[in-house]
Amino acid sequence: MAHDEAASGKKFAFVLLAFQVVFIVLFGVFAEYHWDAKPQSHRPADANGLVKGVRQADAAKSDAPYNPDYAMKDFYPMFQDVHVMMFIGFGYLMTFLRKYGYSSLGINFLLAAFVIQWATLMRGFLHMHDGKFMIDLTTLLTADFGAAAILITFGAVLGKLSPLQYLIMALIEVSVLEVNEWVGVKIFKTLDVGGSIFVHVFGAYFGLACSRVLSRWEYSANGFNTLKYTTKTTDLFSMVGTIFLWMFWPSFNSVMAPAELQQRAVINTYFALASCCVATFICSFLFHHGKISMEMVQNATLAGGVAIGSTADMVVNPYGALIIGFGAGVLSCVGIRFINGILESKLKVHDTCGVNNLHGMPGILAALISAVVCATASESVYGSRY
């Protein structure tokens, strides 16, 4: 058994090496720095001349709020918040499983690092000009968003696949994810500043579809749930991930908003999360025999950030953000208490980390709220510019 595991690990190492070499070659052929990251001598003109016009033209064509005049000063700190969410928040959130702590952190680390490269390439291929695509801070951020979707999917199938299978799953999912977002944004003009639709919903239901495919093994083995036991220690480690995600979620929802709308996005997310946290504890005491349910606290307290994501930069007003957050918290707790069992018993879909409750249903709620807010938007509220 030990010999087989060692041989399998070595094969996986060579597969990883092969993929990394391919990535290096593709980056060498197709990727280049954005004008602002290039040496002065390689820019179209001096910093006070034509290059300023090139920057403005690039920013005008971009879907992201990249502005080189404030990129490192104001944009990078929010990007770093999102980066922490990927590697610490998601990693520790999944450590509640007693026998999958190493997988939760280790494979999460590997998948995130692997996916940010592949997502950069896939997005670049969809936005190429003259056979090249440029990389700036916005590119790094959208790669992190792609990693978020894959880590959400990872949560649905945690403990069910080998490292190589996780890698193949990520390759396929990133390809579909980037094309799906390109179609949604470019063709259907979908507004989703916080990624609730293109990241959370997509990642959750891709993961649940994978889980359904794996159900034959899962239920015939009839032992997977015995490996899901938690301990006080694993629950405490999981709460570290929850708190990191909860603290930095306003950055996640606001970083892709235009600069003048970022403050509104932060405010809306801030209050949605606070209201969601209160709702979660209310439901926990009501549904869990008057006690705190760690499963609900670890997951449902974050649902408000997902539910407000698509409309984070829109005018929903602080009280509206509180209502959205509270509703998302209740919805997520209902999912944990009632819907999980239905998915397992009726549909044979085992959701290891409850991604349907944290990302799936709140993401659908976000889409519905976005449709209503957009339909009721008026010039008197937003002005003629919007």
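Preceding this paragraph is the structure being described.
Below: a short report on this structure. (Residues numbered from 1 in each chain as written. Predicted model: local features only at pLDDT ≥ 70, side-chain atom pairs only at ≥ 80, totals over all residues. Heavy atoms only, no water.)

### A closer look at the overall build of the protein chain
- A tally of helices and strands in the protein chain yields 15 helices and two strands.
- Taking as baseline every contact in the protein chain between residues at least 6 positions apart, the subset at least 24 positions apart corresponds to 80%.
- Just so you have it, the protein chain exposes about 18300 Å², and 67% of that area is on carbon and sulfur atoms. (Helix = DSSP H or I, 4+ residues; strand = E, 2+ residues; numbered from the N terminus. Contact = heavy atoms within 4.5 Å. Areas by Shrake-Rupley, 256 points an atom, 1.4 Å probe, with all protein chains shown as cover.)

### Observations regarding the pattern of salt bridges
- All chains considered together, the criterion is met by two salt bridges.
- With its nearest N and O atoms 3.4 Å apart, the salt bridge here joins Arg123 to Glu178. Residue Arg123 is found in helix 4 (residues 101-126), and its partner Glu178 is found in helix 6 (residues 163-187); the two are separated by 55 residues along the sequence. Accessibility classification places Arg123 together with Glu178 in one group, the buried group.
- Using a relative accessible area of 19% as the deciding quantity, one classes Arg123 as buried. (Salt bridge = Lys/Arg side-chain N within 4 Å of Asp/Glu carboxyl O. Buried < 20%, exposed > 50% of the residue type's maximum accessible area, 1.4 Å probe, protein only.)

### Some words on the packing of helix 5 (residues 137-156) against helix 6
- Running from N to C, helix 5 and helix 6 point in directions that differ by 130°, and their axes come no closer than 10 Å. Comparing the axis directions of helix 5 and helix 6 gives the class oblique. Pair helix 5 / helix 6 crosses with right-handed handedness. On helix 6, the residues touching Gly146, Ala149, Ile150, Thr153 and Phe154 of helix 5 are Tyr166, Met169, Ala170, Glu173, Val174 and Leu177.
- In the contact of helix 5 with helix 6, the residues fall into eight nonpolar, two polar and one charged. (Axes fitted to C-alpha atoms, helices over the stretch in contact; angles between N-to-C directions. Parallel < 35°, antiparallel > 145°, perpendicular 65-115°, else oblique. Left-handed = near helix turned anticlockwise from the far one by under 90°. Nonpolar A, V, L, I, M, F, W, Y, C, P; charged D, E, K, R; others polar.)

### Some points on the packing of aromatic side chains
- Here the structure, examined in full by the defined rule, presents 15 aromatic pairs.
- Arranged with centres 6.0 Å apart and planes meeting at 15°, the rings of Phe23 and Trp118 form a pair that is stacked. With Phe23 in helix 1 (residues 2-30) and Trp118 in helix 4, the pair connects residues that are 95 residues apart, well separated along the chain.
- Here Phe244 and Phe248 contribute two aromatic rings whose centre-to-centre distance is 6.1 Å and whose plane-to-plane angle is 40°, an arrangement assigned as tilted. Here the residue Phe244 and the residue Phe248 both occupy positions in helix 9 (residues 232-254), the gap between them amounting to four residues, near one helical turn.
- Among the residues examined, Phe244 registers a relative accessible area of 28% and is labelled partly exposed.
- In this structure an aromatic cluster arises from ring pairing among Phe19, Phe23, Phe114 and Trp118. (Phe/Tyr/Trp six-rings, centres within 6.5 Å; stacked < 30°, edge-to-face > 60°.)

### Notes on the state of the cysteines
- Going through the model one piece at a time under the given rule, you end up with zero disulfides.
- Of all cysteine sulfurs in the structure, the one in Cys333 sits closest to Cys283, which takes part in no disulfide; the separation is 4.2 Å.
- For Cys283, a relative accessible area of 5% translates into the label buried. (Disulfide = S-S within 2.5 Å.)

### Focus: empty space enclosed by the protein
- Under the definition given, this model contains two cavities of 30 Å³ or more.
- Considering only enclosed or pocket space, the largest cavity measures out at about 90 Å³ in volume.
- Contributing to the lining of the largest cavity are 14 residues, with Leu93, Met94, Asn299, Cys353 and Val355 lying nearest its centre.
- The set of elements that each furnish at least two residues to the lining of the largest cavity consists of helix 3 (71-93), helix 5, helix 11 (294-299) and helix 14 (355-375).
- A class-by-class count of the residues in the lining of the largest cavity yields nine nonpolar, five polar and no charged.
- Computed from the structure, the second largest cavity encloses a volume of approximately 30 Å³.
- Mapped onto the lining of the second largest cavity, the elements with two or more residues apiece are helix 5 and helix 6.
- Taken together, the residues of the lining of the second largest cavity break down into three nonpolar, two polar and three charged. (1 Å grid on protein atoms, 1.4 Å probe; cavity = no way out; pocket = protein on both sides within 12 Å on 5 of 7 lines; lining within 4 Å. Points joined across faces, edges and corners; volume = space filled by probe spheres on them.)

### Let's talk about the nonpolar core
- Judged by nonpolar contacts, the single largest core of 73 residues is most densely connected at Leu111 and Tyr166.
- Sort the elements by how many residues they give to this core and helix 5 lands first, with twelve residues.
- Ranked by size, the runner-up nonpolar core spans twelve residues in total, among them Ala307, Ala328, Ile369 and Val373. (Core = buried A, V, L, I, M, F, W, Y, C linked by side-chain atoms within 4.5 Å.)

### Structural notes on the environment of Met72
- Mapped onto the fold, Met72 is located in helix 3.
- The spatial distance from the C-alpha of Met72 to the C-alpha of Leu137 is 8.3 Å, given a sequence separation of 65 residues.
- Once you skip the residues sitting within four places of it in the chain, Met72 turns out to touch Pro77 and Leu137.

### Comments concerning the environment of Met86
- Inspection of the secondary structure assignment puts Met86 in helix 3.
- Of the residues examined, Met86 reaches a relative accessible area of 0% and is grouped as buried.
- Excluding residues within four positions of it along the chain, Met86 makes contact with Gly91, Asn108, Asp144, Ala147, Ala148, Leu151 and Phe252.

### A word on a nonpolar patch on the surface
- On the surface, Phe14, Leu17, Val21, Val25 and Val29 cluster together into a nonpolar patch covering about 480 Å² of accessible area.
- One can find Leu17 in helix 1. (Patch = residues over 30% accessible without salt bridge, like charges linked within 9 Å, V, L, I, M, F, W, Y side chains within 5 Å.)

### Some details on the side chain of Asn108
- Its location among the elements puts Asn108 in helix 4.
- The class for Asn108 is buried, based on a relative accessible area of 0%.
- Polar contacts involving the side chain of Asn108 include one to the main-chain carbonyl oxygen of Met86, which spans 3.2 Å.
- Setting aside residues no more than four positions away along its own chain, Asn108 makes contact with Met86, Phe87, Phe90, Gly91, Met94, Ser103, Leu151 and Phe154. (Polar contact = N/O pair within 3.5 Å; in protein donor to acceptor, adjacent residues only side chain to side chain.)

Nothing here speaks to function; it is geometry throughout.
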